[in-house]
Amino acid sequence: MTTLRSGCSSSISLEPRVRPLRIVNPMPEKPYDHNQIELKWCERFSGANLFEVAEDPARPKYYLLEMLPYPSGTLHVGHIRNYTIGDALARYKWMRGFNVIHPMGWDAFGLPAENAAIANKRHPREWTLANIEKMKAQHRRYGFSYDWSREVSTCEPEYYRWNQWFFLKMFEKGLAYRKKALVNWCPECATVLANEQVVDGCCWRHESTPVEQRALEQWFLKITAYADELLAAIGELEGGWPERVLTMQRNWIGRSEGAEVDFTLAESGRKVRVFTTRVDTIFGATCVILAPEHALVEELCGAEVRAEAKRMIDARATKGPGDIEKEGAFTGLYAESPFGGGAVPVWIGNFVLTGYGTGAIMAVPAHDERDLEFCTKYGIAVKAVIRPVEGEAPEGVAFTDDGIMMDSGEYTGLTSAEGRKRMCERAEREGFGKYAITFRIKDWGISRQRYWGTPIPMIHCAACGTVAVPEKDLPVVLPINIQITGRGRSPLENVPEFVNVSCPQCGAAARRETDTMDTFIDSSWYFYRYCDAQNANAPFDSAKIAYWFPIDQYIGGVEHAILHLIYSRFFTKMMRDLGLIANSEPATRLFTQGMVIKDGKKMSKSVGNVVSADEMAERYGTDTARLFALFAAPPEKDLDWQFSGVEGAYRFLARVYRFVTRNADTARTARATGPANEADKAALRKLHQTLHRITEDFDSRWHFNTSIAGLMELMNELYEHESEITPGAMATLLPDVVLLLGPFAPYLAEELWEELGRTGPVCKQAWPAFDAALAVEDSVEVVVQVNGKVRARITVPNGTGKEELEAAVLADGRVKSHTEGKQIAKMITVPGKLVNIVVKG
RNA sequence: GCCCGGGUGGCGAAACCGGCAGACGCAACGGACUUAAAAUCCGUUUUCUCGCAAGAGGAGUGCGGGUUCAAGUCCCGCCCCGGGCACCA
């Protein structure tokens, strides 16, 4: 792992259009010099690894994780927002006494490095390591609370050897396998993509590049072996994960219960197996439709039909996003349902998917909209076999609900549910079908025809076939001396010393697998490695996992809802079944933060609206950047990055700085006491109200924008009473103010803590204790409504009872003017808040 | 089409269990300080009507209904924006 300098550099180049904030100070007091303060503390903490943690059974643990970044080279304020949310929480949890593990690392393999290498003639490794160094320096400058001793970089052999190790374990268990299949090919990436990485028919990284279908030999991971559990366990995540992420995963897994049944072809007697969720409608099936790729097309159909099928396949391979028109062709064949009812024609149809179910369906136009559309187009009969339990079936459209079976032989009169049950039972009994569950999710294709990734530890031997690299030979190291041209096939094919090996089984000359792994493998288990990052003998020590896992809070973008987050859940279950870990889910809570918007658009390099972390640090300071990131919107919502708002955040911090520094002497020398006058009382009351509010925000909904608004209100209150607050109260107040500021503006808090004569990092101090007695108001304003309209406000002592309050209200002159001469029908009284008088006449 | 979010001042937003709509910040305007400006501090700022004024009255949370003493919040029906799913049989 690379060792880096402290990262506290201030020599960051600025773009010319950026005007540094000028600090001109005619006032006799100390100005808020953010650079001086932040660099001082950054430097002072640089050698310490302040947030290093170890297992400690005596303390409650808290595993806080932000999704590991791709080392693109620069942090922008979108990253800053993400990390600031986590950092504020980490600091709060530290102060509440938790043993907080908060790690950071680099998702360092991937295409951008390779593309950069082609463009700039730099080696991907060199480019990646330089980027990591740059970004780590930026992290340090921001002072995020990471335990850097746990840093992980996925492009290092020390890390990716365990990708290979997991792959071998899965290969042994049959969870990793190779097959020729139609796969998604992105011409832009020049590689294969997994299904999860295709969005609207296009590559997830190249949103306007349609993926093509190619038939290739590929490695797959059997995520479908866990489909049932991945779906069922979503229930356990409920409440902790955002509902929409769980919905997306449910949709993606797509479990359907139904039946498989064999139709029998006339003459040949061959069987066509179809999958249906509505076997109760089988007496309404008026044709069977095969996917154009279906094996029987090639076997039994004439040249004309085969040509038509090929045309459909080709058309589908190049289809862009959007719908395709239903097309079909009659095969000349007829088939009969196992439940009888006569032979129906067999068609091929372009809308029947080869990779789902059995690749063949029975069409029931009366009870399925798609089938109706197809059959109407080709003049195929429509036969209703289900009627509604009550009322009439609708005219002209498919009746798709469950109902009562009719014209269905011995099943006539049964409910759909009962019919399905009995028909499945009979199918199993007589061997022409079975009860069946089909999933939408498919196995995870992980082969990539690219260089900058984990080599797949396999060897192809002419005699022995595909042979695993023995565990003792791991890691299969990615060769460094290599030509990357961006042309042709995987660059590894041109490295003879990598490709040419001897077979581990027979010793004969053999070829090494040259595809590399999907980089989503790297990020599927990195959070386990954090718990034991230096382990050279195993991916990790299971005892350490048992202490730290599961992740208590995971924070990241919603764009990974069905990519990283489903792969990670799969890996966790796979690792559990290898006996390596005890937990079945990686994270109990997930938080998806909103995007950062600038000029109405998502911040991105291609739009050119990126605000860099360096620019913010230099011009306003990292505390200001963090404060604004939390203040401008609640964390789950999108945030508009406006510099005028940033200025406001800066002004607030400067205001805090001036207040604390000019009262620091008083606070340091006086003995801390309780309130001695009305100003003290008001100040301490506001302090404890604010403390209560912020604590609530941390413990429940993370609305740090209101936490910070509370701090601003507190400062406004302190400014108002500044001259009257007694030294003793000031000595009580100021340390707590600084502690409350700590999670949001850590450098400033540190500086002010020192100004107050205290030592030790603020984040290791105890969170202030809430005193309800100090927070309580002496008097409250009660709103008086007459017929629901606010007519007066009266101030009464806090705790005034119902009767007393009502008497006071009725005695009020303004109230009388609205009730005079009218009959009071009733009074609704909410003590401490409101009285509503309902009058008549 | 279906399923989630969301729609509140000039702007970002707040109002957590139905109880003062607009906290806090930005922008704008005014005042203090200054030779002046910046910075700072203090104030005004949803809107309309009446009033010289203190003040008084009305309207107002996408639109239309409803429940309630009371609705941004709950219910019914729409409109718009964002996201997800969508030939998965």
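What counts, and where the lines are drawn
Residues numbered from 1 in each chain as written. Chains lettered and ligands numbered in written order. Predicted model: local features only at pLDDT ≥ 70, side-chain atom pairs only at ≥ 80, totals over all residues. Heavy atoms only, no water. Helix = DSSP H or I, 4+ residues; strand = E, 2+ residues; numbered from the N terminus. Buried < 20%, exposed > 50% of the residue type's maximum accessible area, 1.4 Å probe, protein only. Contact = heavy atoms within 4.5 Å. Areas by Shrake-Rupley, 256 points an atom, 1.4 Å probe, with all protein chains shown as cover. Lys, Arg positive; Asp, Glu negative; His and termini not counted. Charge placed at Lys NZ, Arg CZ, Asp CG, Glu CD. Pairing = 2+ DSSP bridges. Axes fitted to C-alpha atoms, helices over the stretch in contact; angles between N-to-C directions. Core = buried A, V, L, I, M, F, W, Y, C linked by side-chain atoms within 4.5 Å. Salt bridge = Lys/Arg side-chain N within 4 Å of Asp/Glu carboxyl O. Near = heavy atom within 4 Å. Polar contact = N/O pair within 3.5 Å; in protein donor to acceptor, adjacent residues only side chain to side chain. Nonpolar A, V, L, I, M, F, W, Y, C, P; charged D, E, K, R; others polar. pLDDT = per-residue confidence, 0-100.

Description of the overall build of chain A
- The helix and strand inventory of chain A stands at 26 helices and 34 strands.
- With the principal axes as the frame, chain A shows a C-alpha extent of 105 × 85 × 55 Å.
- Here chain A holds 841 residues, and the buried ones make up 55% of them.
- The long-range share in chain A, meaning contacts at least 24 apart out of those at least 6 apart in sequence, stands at 73%.
- Looking at chain A as shown, the accessible area adds up to about 36100 Å², and 50% of this sits on carbon and sulfur atoms.
- Seen as two clouds, the 98 positive and the 109 negative side-chain charges of chain A have centres 2 Å apart.

Focus on the sheet that holds strand β33 (residues 823–830)
- What the 4 strands build is an open sheet, ordered β32-β31-β34-β33; its pairing is mixed. Each edge of the open sheet carries a strand with a single partner, namely β32 (789–797) and β33. Here the average twist between neighbouring strands, direction ignored, is 20 degrees.
- Here strand β31 (residues 779–786) runs beside β32; their pairing, made up of 8 bridges, is antiparallel. Bridge pairing in β32 links Q785 to V790.
- Taken strand by strand, helix α25 (residues 802–811) contacts β31, β32, β33 and β34 (834–840), and its axis lies near 130 degrees from that of β33.

Focus: the nonpolar core
- The biggest cluster of nonpolar side chains holds 187 residues, and the ones touching the most others in it are W444, F571 and W641.
- If you look at the next biggest cluster of nonpolar residues, it comprises 38 residues, including V272, V288, A335 and F339.

Remarks on the pattern of salt bridges
- For the structure on display, the rule yields 57 salt bridges.
- A salt bridge links E585 to R569, with the nearest nitrogen and oxygen atoms 2.9 Å apart. Of the two residues, E585 is situated in the loop between α16 (564–577) and β27 (590–592) and R569 in helix α16; the sequence distance between them amounts to 16 residues.
- Note on E585: relative accessible area 8%, which makes it buried.
- Classification of R569 by relative accessible area gives buried; the value is 0%.
- D665 is the salt-bridge partner of R668, the closest N and O atoms lying 2.2 Å from each other. Of the two residues, R668 and D665 are both situated in helix α19 (residues 643–669); the distance of 3 residues between them amounts to about one turn of the helix.
- When salt bridges with common partners are traced through the structure, they connect E229, R569, K573, R576, D577 and E585 into a single cluster.

Points about the protein's contact with RNA strand B
- Looking at RNA strand B, there are 49 residues lining it, with T277, I324, R370, R440 and R793 nearest.
- Here the atoms of RNA strand B within 4 Å of the protein split so that 64% fall in sugar or phosphate, with bases taking the remainder.
- Interatomic distance of 2.7 Å between a backbone N/O atom of A632 and a sugar or linking oxygen of RNA strand B.
- The leading source of residues in the surface near RNA strand B is helix α21 (residues 704–721), at 7 residues.
- Considering only residue class, the surface near RNA strand B consists of 20 nonpolar, 13 polar and 16 charged.

Digging into the environment of P345
- Examined against the element boundaries, P345 turns out to sit in strand β14 (residues 343–349).
- For the pair P345 and R250, spaced 95 residues apart in sequence, the C-alpha to C-alpha distance is 36 Å.
- Residues within four places of P345 in sequence aside, it is in contact with T286, C287, V288, F330, L333 and Y334.

Points about the sheet that holds strand β9 (residues 212–221)
- The antiparallel open sheet is built from 4 strands, whose spatial order is β6-β5-β9-β19. Because the sheet does not close on itself, it has two edges, and the strands there are β6 (191–193) and β19 (444–445).
- As defined by bridge partners, β9 adjoins β19 across 2 bridges and the pair is classed as antiparallel. Across the sheet, the residue bridging to L221 is W444, located in β19.

Details of the side chain of N49
- Looking at where N49 falls in the secondary structure, it is placed in the loop between α1 (34–45) and β1 (61–66).
- Beyond its immediate stretch of four places on either side in the chain, N49 contacts Y146, D147, W148 and S149.

Observations concerning the confidence of the model for chain A
- Here chain A averages 90 in pLDDT, while 95% of its residues score no lower than 70.
- When the criterion is pLDDT under 50, residues 1–6 qualifies, and its contacts beyond four places in sequence or with other chains add up to 12 contacts.
- Here residues 10–27 is a poorly scored stretch, pLDDT under 50, and it has 21 contacts once near neighbours within four places are set aside; other chains count.

Side note on the pairing of β9
- Here 10 bridges tie strand β5 (residues 176–186) to β9, and the two strands are oriented antiparallel to one another. Bridge pairing links L182 to A215 in β9.

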